[in-house]
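Summary of structural features
Single-letter residue listing:
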Amino acid sequence: MRALFFAAAIGLAGLITVSAGISSEAATLQQTPDPGIQAKGAIGEVKSIDAASKLVTIKTDAGSVVMVLYTDRTTYKKTAPGETSLNNATDITVAEVGEGDRIYARGTVAEDRKSISALQIIVMSKGDIAKKQEAERIEWRRRGILGVVTALKPDGNEITISSRTMAGTQPVIIPVSDKTEMRRYAPDSIKFSDAKPSTFAELKVGDQLRALGDRTPDGTHFTPQKVVTGSFRTVAGVVTAVDAATGEIKINDLEKKHPLTIVVKSDAVLRKFPPASEMGMMMGGFNRGAGGGAPPAGGGAPAGGQPAGGQGQGTRGPGAGPGGPGGPGGGRGGGFNINDMLERLPTISVADVKVGDTIIVSSTQGVDPTRLTAISLVSGADTLLTMLAPRPQPGQATPNPAAGLGGGGISFGIGLP
């Protein structure tokens, strides 16, 4: 996901309130509609630099454009993502500030909130942010779990989730303590970094959950350090129109047969699912890299009776199944699961989505039920829906194509950092 990770967003914002020489001003800052613009500073990504005019243009996370004016008296500091003070910052020059860097410009913001005369510019470089982001993604894949909340136990602060792999679903109990960092997606939010501090009381059955922590050896329990949740809506539909200029896609919902408009913003992640003819090659390659055998389309166990997601040694150690070290989220042994596979698919643009394509879209529950702001979108989803659909019993009608999206289906609303 292209969104900035927690450490960059929170760490840089933290410099406003805890850095030496800044904290006294922070107490009097007036909150504005855009939290990235305060009375004495602005935070955003560098979009352009005009050295001749001594002007840096930044864009806040909320989309506001601010002109940062610097002078010969402006000072510059570079700090690492995640730092909340300037204790380890280094002095740099304006020549070392580049497009894509994230900066906090300290100074007096104009009344119209569109410009600031900078006394100091604090920089997190684009390269350092990318390295930190990739390290966090690797950690969340290695020690993470993803699933749908199926039960809540308030008296013990226990969450039960259902995690789905190609071998089926398994309940996993996640006890939450006072030390657990909990965050939650807001309505119409699409960025991992925008998730707000949350509590156990805000959880609902049906929520999607991603957690970072450690599994028990049998894979039935998970001790979390961080938990991110959200109420998401996942729909499948056939594309009827695409407007790449506005980023809007119109579909007919396969489940309820209603027309919907999908809004695709810059932070959404669009992926392309391979056609059925390429599934064997792709899944085989995925599992060789993960250490497991390739499962057949539709789930279940491959020849020989070993469930998908095995550890590749021909035996099944404790917890090697779904929810264990070889289950959801990668883990030791790196077993196969659908959500890992989806996150590794090649990305595409809105222009690559065509009329007649079947897509799956995940979004937060927004204000307008007929418009969905996409967090994740998968095109070419016919094969995936077939894999997820329950198999009809003899004499039963063929299920709705979107029947496999409910309950313990795919959980790709919450992306990686």
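In what follows, the accompanying structure is described. (Residues numbered from 1 in each chain as written. Predicted model: local features only at pLDDT ≥ 70, side-chain atom pairs only at ≥ 80, totals over all residues. Heavy atoms only, no water.)

1. Considering the overall build of the protein
Basically, it comes down to this: Helix numbering and strand numbering both begin at the N terminus, where a helix is a DSSP run of H or I of at least 4 residues and a strand a DSSP run of E of at least 2. Exposure classes here rest on a 1.4 Å probe applied to the protein chains alone. A residue is buried below 20% of its type maximum, exposed above 50%, and partly exposed in between. Any pair of residues with heavy atoms lying within 4.5 Å of one another is described as a contacting pair. Accessible surface area values rest on a Shrake-Rupley calculation with a 1.4 Å probe, where residue burial reflects the displayed protein chains alone.
A tally of helices and strands in the protein yields six helices and 22 strands. Within the protein, the proportion of its 417 residues that are buried is 51%. Across the protein, contacts joining residues at least 24 apart in sequence account for 64% of those joining residues at least 6 apart. When the accessible area of the protein is evaluated, it comes to approximately 18,600 Å², of which 53% is carbon and sulfur surface.

2. Some words on the nonpolar core
How we decide: Nonpolar cores are built from buried Ala, Val, Leu, Ile, Met, Phe, Trp, Tyr and Cys residues. Side-chain atoms within 4.5 Å join them into one set.
Membership of the largest hydrophobic core comes to 18 residues, with the highest contact counts inside it found for V56, I58, V68, I103 and I121. Looking at this core, the elements that each hand over two or more residues are β2 (41-50), β3 (55-59), β4 (65-69), β7 (102-109) and β8 (115-124). In terms of residues, this core owes the most to one element, β8, which gives four residues. The contact partners of V68, leaving out residues within four places of it in the chain, are K54, L55, V56, I58, A105, I116, A118 and I121.

3. Quick notes on helix α3 (residues 126-143)
Operational definition: Helices are assigned an expected span. That span is 1.5 Å times one less than the residue count. Think of it as the arc spanned by the lines of direction from the helix axis to the C-beta atoms.
The terminal C-alpha atoms of α3 lie 26 Å apart, and with 18 residues this matches the ideal 26 Å at 1.5 Å per residue to within 8%. The set of residues buried in α3 consists of I129, Q133, E136, R137, W140 and R143. Projection of α3 onto a plane perpendicular to its axis shows the buried side chains occupying an angular sector of 155 degrees, all on one side.

4. Comments concerning the environment of S193
Structurally, the position occupied by S193 is in the loop between β12 (181-184) and β13 (196-197). Between the C-alpha atom of S193 and that of R183, which follows or precedes it by ten residues, the distance is 9.6 Å.

5. A few points about the packing of aromatic side chains
Ring pairs (aromatic) are described by centroid distance and by the angle formed between their planes. The test is simple: Whether two aromatic rings pair depends on their centres lying within 6.5 Å, for rings of Phe, Tyr and Trp, where Trp uses its six-membered ring; planes under 30 degrees apart make the pair stacked, over 60 edge-to-face, and the rest tilted.
Scanning the model with the defined rule gives two aromatic pairs in all. Aromatic pair Y70 and Y76: ring centres 6.4 Å apart, planes at 75 degrees, arrangement edge-to-face. Considered together, Y70 and Y76 belong to a single accessibility category, that of buried residues. Between the aromatic rings of Y185 and F232, the centroid separation amounts to 5.1 Å while the plane-to-plane angle is 65 degrees, which identifies the pairing as edge-to-face. With a gap of 47 residues between them, Y185 in the loop between β12 and β13 and F232 in strand β16 (residues 232-243) connect regions that are remote in the sequence. Classification of Y185 as buried rests on a relative accessible area of 5%.

6. Side note on a nonpolar patch on the surface
Spelled out, the test is: Residues qualify for a patch when their relative accessible area is over 30% and they have no salt bridge, like charges being joined within 9 Å and the nonpolar side chains of Val, Leu, Ile, Met, Phe, Trp and Tyr within 5 Å. For this document, the term salt bridge refers to a Lys or Arg side-chain nitrogen within 4 Å of an Asp or Glu carboxyl oxygen.
A cluster of nonpolar residues, V65, M67 and L69, forms a patch on the protein surface that exposes about 220 Å² of accessible area. Mapped onto the elements of the fold, L69 is located in strand β4.

7. Quick notes on the sheet that holds strand β17 (residues 248-253)
Basically, it comes down to this: Whether two strands pair comes down to DSSP finding at least two bridges between them. For helices, the fitted axis covers only the stretch in contact; all axes are lines through C-alpha atoms, and the angles between them, taken along N-to-C directions, range from 0 to 180 degrees.
The sheet built from seven strands is open, its strands ordered β19-β22-β20-β16-β17-β18-β21 with mixed pairing. The strands lining the two open edges of the sheet, one partner per strand, are β19 (269-272) and β21 (371-373). Each adjacent strand pair in this sheet contributes to an overall mean axis angle of 35 degrees, direction not counted. With six bridges connecting them, β16 and β17 associate as antiparallel partners. In the strand pairing of β17, A241 is matched with K250.

8. Structural notes on unusual backbone geometry
We note that N157 has phi near 50 degrees; this positive angle belongs to a residue other than glycine. Relative to the helices and strands, N157 resides in the loop between β9 (144-153) and β10 (158-165). Although it is not a glycine, K257 sits at a positive phi angle of roughly 65 degrees. Of note, K257 is situated in the loop between β17 and β18 (259-263).

9. Quick notes on the pairing of β16
Bridge count for β16 against strand β20 (residues 358-364) is seven bridges, and the pairing is antiparallel. Its bridge partner lying in β20, F232 is registered against T364. In sequence, β16 turns back onto β17 through a hairpin of four residues, with G247 there showing a positive phi of about 75 degrees.

10. Considerations on the pattern of salt bridges
This structure, assessed with the given rule, holds ten salt bridges. A salt bridge links R142 to E139, with the shortest nitrogen-to-oxygen separation between them at 3.1 Å. Here R142 and its partner E139 are both found in helix α3, three residues apart, which amounts to about one turn of the helix. According to the relative accessible area criterion, R142 is partly exposed, its value standing at 47%. Judged by its relative accessible area of 24%, E139 is partly exposed. Between D214 and R143 there is a salt bridge; the shortest N-O distance is 3.1 Å. A residue pair is termed long-range when its members are at least 10 positions apart, and D214 in strand β14 (residues 208-215) and R143 in helix α3 qualify at 71 residues. For D214, a relative accessible area of 43% gives the class partly exposed. Residues participating in the shared-partner salt-bridge network are E139, R142, R143 and D214.

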